Amino acid sequence: MAETRVERQVARTLAKRGERAGWTRQRERLYVAYAVPALLILFVVTIVPTLFLLGTSLTNLNPSMPGTLRFIGLQNYQVLLQQDRFWNSIWVQVRLSFWTVSLQLLIGLGIALLLNSRLRFLELIRSLFIIPMVLPPVVVAIIWKVLFVPNISPVSWALSLAGIQGPAWLVHPFWALFAIIVAETWEWFPFTMLMLLAALQMMPEEPLEAAKIDGASSVQVLWHIVLPLLKPAIIVALLFRLIDSVKAFPHIYIMTAGGPGVATEPTNFYAYLQAFTFSLVGFGSSISTIILILTLALSLLIVRIVGRMVDYE
Amino acid sequence: MSSRRAVHAGTSAGRRSLQRTLAYLLLLLLTLGTLFPFYWLLQMSLKTGFAMFEMPPRLIFTPSLENYHAVLSREFIASFSNSTVASLSTTVLSLIFGVPAAYGLARTRFRGEGLISFWVLGTRMAPPVAFAIPFFLAYMRLDLLDTIQGLVLVYLTVNLSLVIWMMRAYFEGLPRSLEEAAFIDGASVTQTFLRITLPLSAPGLATTAIFCFLLSWNDFFYALVLTSSKAVTAPVAIVNFMGYMGTEWGKITAGGTLIMLPVVAFSFAVRKYLIRGLTAGAVKG
């Protein structure tokens with residue numbers, strides 16, 4: 001009698017558990033079904049075009065000359081690697097990325113340290129600092145074009161007050177790149193600032209307090225404690241800005257159009273010119289493929305680092 | 001002894017308050033420096049003729065809306081409405097497809113998760129020119145060049161991944177207990193999602209929607225490459241004022257101000273989530 005009751009109970013629990021397992025499995029299947037349509041669309045608009053791009057990079061495709069389409073293997077890449085203009089574009093890109101990313105990190109870090117406090121009015125100032133970052137990039141480019149066209153430039157006027165004659169900013173090889181670096185830095189330092197500020201505010205207080213009690217100066221605290229703790233955030237901010245700096249477009253299109261000559265023509269802009277201005281779509285595809293591989297490799301690094309940061313939390 | 005210590009404390013307190021004053025002064029200068037370019041565009045858009053370029057600039061002047069009247073031609077208004085329609089459609093479509101997907105992904109564990117997060121981030125990071133070439137070729141065949149539908153489709157790349165990633169993190173942060181309670185009461189998965197989870201997610205949905213809108217609204221590259229006349233968006237239309245006839249600074253500054261105002265307003269609404277949005281949800285903060 002007792003046995004059967006226990007048995008019945010066990011049977012009932014087992015049945016319930018089985019039922020629940022079935023129900024959970026059914027739910028799981030529904031959840032997956034929820035994700036399918038969006039992932040399918042994402043597949044069609046991202047993976048398919050990427051494969052297509054790889055394909056066209058192996059051809060001499062030129063829409064302005066219909067009927068000449070041919071498979072030419074890796075020839076585009078061979079030509080590319082021997083071309084001065086391509087290597088020039090890489091060199092422009094390296095300088096552009098180096099200066100914009102370093103300046104953004106330095107300025108962003110400096111302002112984040114100044115703003116790292118819970119005071120009300122500092123929060124208001126923080127909101128003002130985000131303006132450059134949220135403006136449409138076209139507007140940023142227009143603003144800096146206005147500021148750097150010599151006969152209307154307030155910068156040149158201010159220099160003239162000091163007795164210096166400002167250069168013809170946007171048509172001088174050095175100053176044109178300088179102008180673009182200034183515009184890019186202005187637009188994106190708020191990004192590094194916000195990221196580092198978030199990291200600063202999540203920082204544990206104990207090591208800072210301990211160091212102060214031990215008589216460390218604020219510079220020592222910054223150098224030996226704050227910066228090492230900020231390192232992961234700095235690296236992720238750096239990678240994000242580095243990848244985005246490779247895509248700089250509206251500033252160059254509007255401020256200099258890559259000029260004078262090819263002085264401000266980074267690789268991304270060069271790919272655009274080849275594919276859309278000169279209609280050399282096959283050739284442009286090969287340049288784009290190289291940039292794509294580069295950005296994806298850096299993104300993989302971000303996924304690794306961010307994943308590790310989450311693990312430690 | 002004690003008095004010496006007091007003196008010491010006094011100087012270090014004095015030094016600290018001096019440091020603080022210097023820090024605030026520096027901050028003030030940096031704020032003014034940061035806002036100056038923005039202010040310059042605004043004040044130029046409100047001046048006319050010679051006054052726009054006058055040096056030293058007049059700080060006090062009677063603002064004029066002449067540039068705004070000039071820029072609001074029929075073509076520019078059409079481009080503005082193209083921008084609005086394209087951005088709103090992209091937002092709605094991305095939410096309709098992306099939100100359920102985000103929910104599904106948040107509630108299941110599976111093996112390819114790392115791969116999908118790389119896919120989404122990679123889409124955010126990929127150079128637009130890499131997508132623009134295949135889209136351009138496909139649109140030539142499909143007659144989608146210079147159409148708003150074409151723009152919306154290409155905007156889905158970045159926007160759909162943005163929605164999936166931001167909303168997934170949001171759903172993962174919601175307590176599961178309410179959903180469990182609904183299941184025990186016999187609600188189906190869809191009922192639970194629509195009646196319990198979605199209403200709880202209103203703030204996250206609003207933030208994500210604003211980000212979608214901003215991303216499409218700010219786009220310049222795709223619109224430049226994939227449209228030419230009737231589907232031109234406002235950012236491209238403004239750049240067209242820098243034409244062969246010389247640069248029409250009045251129209252450019254007024255038009256630039258018009259396209260940035262909605263953006264600045266919306267961004268203030270989501271300022272706490274800017275980093276999350278700009279990194280497609282890969283980074284908190």
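Residues numbered from 1 in each chain as written. Chains lettered and ligands numbered in written order. Predicted model: local features only at pLDDT ≥ 70, side-chain atom pairs only at ≥ 80, totals over all residues.

1. A closer look at the overall build of chain B
The cut-off we apply is this: Under the DSSP-based scheme used, a helix requires at least four consecutive residues in state H or I and a strand at least two consecutive residues in state E, with every element numbered from the N terminus. Radius of gyration: over C-alpha atoms. The globule rule applied is 2.2 Å multiplied by the number of residues raised to the 0.38 power. Partly exposed residues are those whose C-beta has more than 12 but fewer than 20 other C-beta atoms within 10 Å; 20 or more makes a residue buried and 12 or fewer makes it exposed, with C-beta atoms placed from the backbone. With C-beta atoms placed from the backbone, a contact is any residue pair whose C-beta atoms sit within 7 Å.
If you tally the helices and strands in chain B, you get 13 helices and two strands. A compact globule built from 285 residues would reach a C-alpha radius of gyration of about 19 Å, whereas chain B, at 25 Å, exceeds it by more than 25%. The principal-axis extent of the C-alpha atoms belonging to chain B is close to 80 × 70 × 35 Å. Looking at chain B residue by residue over its 285 residues, the buried ones come to 44%. Long-range pairs, those at least 24 residues apart, make up 78% of the contacts in chain B with a sequence separation of at least 6.

2. Focus on the overall build of chain A
Within chain A, the secondary structure is distributed over 13 helices and zero strands. N-terminal to C-terminal, the α/β element order of chain A is α-α-α-α-α-α-α-α-α-α-α-α-α. Considered along the principal axes of its C-alpha atoms, chain A spans approximately 105 × 75 × 30 Å. Per-residue burial for chain A yields a buried fraction of 37% across its 313 residues. For chain A, long-range pairs separated by at least 24 residues make up 69% of all intrachain contacts whose partners lie at least 6 apart in sequence.

3. Focus: the nonpolar core
The condition that has to hold: A set of buried Ala, Val, Leu, Ile, Met, Phe, Trp, Tyr and Cys residues, joined to one another through C-beta atoms within 7 Å, is what we call a nonpolar core.
Trp144(A), Ala179(A), Leu196(A), Ala102(B) and Ile164(B) are the most contacted members of the largest nonpolar core, which totals 146 residues. For Ala102(B), the residues in contact, after removing those within four places along its chain, are Val163(B), Ile164(B), Met167(B), Arg168(B) and Phe171(B).

4. Some points on helix H12 (residues 249-269) of chain B
Inclusion rule: Given a helix with a known number of residues, its expected span is that number minus one, times 1.5 Å.
Taking 1.5 Å as the rise per residue, H12(B) with 21 residues should run 30 Å; its terminal C-alpha atoms sit 30 Å apart, in good agreement. The complete set of buried residues in H12(B) reads Trp249(B), Gly250(B), Lys251(B), Ile252(B), Thr253(B), Ala254(B), Gly255(B), Gly256(B), Thr257(B), Ile259(B), Met260(B) and Ser267(B).

5. Quick word on the interface of chain B and chain A
When the parts of a complex come together, some accessible area is lost, and that lost area is often taken as the interface size. Rules: Side-chain classes are defined by residue name, with Ala, Val, Leu, Ile, Met, Phe, Trp, Tyr, Cys and Pro counting as nonpolar, Asp, Glu, Lys and Arg as charged, and the others, Gly among them, as polar.
If you look at the interface, chain B gives 72 residues, while chain A gives 74 residues. Sorting elements by how many residues they give to the side of chain B that touches chain A places helix H1 (residues 2-45) of chain B first, with 12 residues. Looking at the side of chain B that touches chain A residue by residue, the class counts come to 55 nonpolar, 15 polar and two charged.

6. Concerning the confidence of the model for chain B
Residues and elements named next belong to chain B. The condition that has to hold: Note on scores: pLDDT gives the predictor's confidence for each residue, bounded by 0 and 100.
For chain B, per-residue confidence averages 87 on the pLDDT scale, and residues scoring 70 or more make up 94% of the total. Across chain B, the element-wise mean pLDDT spans from 76 in strand S2 (residues 246-247) up to 96 in helix H10 (residues 221-226). Contacts of residues 1-7 to residues separated by more than four positions or lying in other chains number zero contacts, the stretch itself having pLDDT below 50. For this predicted complex, the interface confidence reaches an ipTM of 0.88, while the overall pTM sits at 0.88.

7. Details of the domain arrangement of chain B
Formally: As used throughout, domain bounds are those supplied by an automatic or database domain assignment.
The assigned domain composition of chain B is domain 1 (2-37) and domain 2 (67-278). On a C-alpha basis, the centres of domain 1 of chain B and domain 2 of chain B stand 44 Å from each other.

8. Some remarks on unusual backbone geometry
The step from Gly259(A) to Pro260(A) runs through a cis peptide bond, and the omega angle for that step is -5°. The topology assignment puts Pro260(A) in the loop between helix H11 (250-256) and helix H12 (267-277). The phi angle at Ser279(A) is positive, at roughly 60°, despite the residue not being glycine. By the C-beta count within 10 Å, which is 15 here, Ser279(A) ends up partly exposed. Positive phi, close to 60°, is recorded for Asp146(B), a residue that is not glycine.

9. A few points about the confidence of the model for chain A
Per-residue confidence for chain A gives a mean pLDDT of 87, with 91% of residues at or over 70. Here helix H1 (residues 2-56) of chain A is the element of chain A with the lowest mean pLDDT, 80, and H12(A) is the one with the highest, 95.

10. Topic: helix H9 (residues 206-213) of chain A
Little of H9(A) sits inside the fold, with zero of its eight residues counted as buried. Looking one or two residues past H9(A), Gly215(A) carries a phi angle of roughly 85°, positive in sign.

11. Digging into the packing of helix H4 (residues 113-125) of chain B against helix H6 (residues 148-173) of chain B
Residue and element names in this part refer to chain B. The condition that has to hold: For helices, the fitted line uses only the C-alpha atoms of the stretch in contact; every axis is such a line through C-alpha atoms, and the angle between N-to-C directions lies from 0 to 180 degrees. Orientation categories follow fixed angle ranges, with anything under 35 degrees roughly parallel, anything over 145 roughly antiparallel, 65 to 115 roughly perpendicular, and all other angles oblique. Left-handed describes a crossing whose near helix is turned anticlockwise from the far helix through less than a right angle; right-handed describes the clockwise counterpart.
Contact pair H4 / H6: the axes reach a minimum separation of 9 Å and the direction vectors enclose 140°. With respect to H6, the axis of H4 lies oblique. In terms of crossing hand, the pair formed by H4 and H6 is left-handed. For the pair formed by H4 and H6, the contact residues are Val120, Thr123 and Arg124 on the first element and Thr157, Val158, Ser161, Ile164 and Trp165 on the second. Across the contact of H4 with H6, the residue classes break down as four nonpolar, three polar and one charged.

12. Re the environment of Gln191(B)
Within the secondary structure layout, Gln191(B) lies in helix H8 (residues 189-200). Between the C-alpha atoms of Gln191(B) and Phe131(B), which are 60 residues apart in sequence, the distance is 38 Å.

13. Quick notes on the environment of Leu109(A)
All names here are of chain A. Position of leucine 109 relative to the elements: it lies in helix H3 (residues 84-115). Its 24 C-beta neighbours within 10 Å are what place leucine 109 among the buried residues. Along the backbone, leucine 109 and isoleucine 234 are 125 residues apart, and their C-alpha atoms lie at a distance of 8.8 Å.

14. A word on the environment of Asn151(A)
All names here are of chain A. Locating asparagine 151 in the fold gives a position in the loop between helix H6 (137-148) and helix H7 (154-161). Given 9 C-beta atoms within 10 Å, asparagine 151 falls into the exposed group. Separated by 17 residues in sequence, asparagine 151 and alanine 168 have C-alpha atoms that sit 9.1 Å apart.

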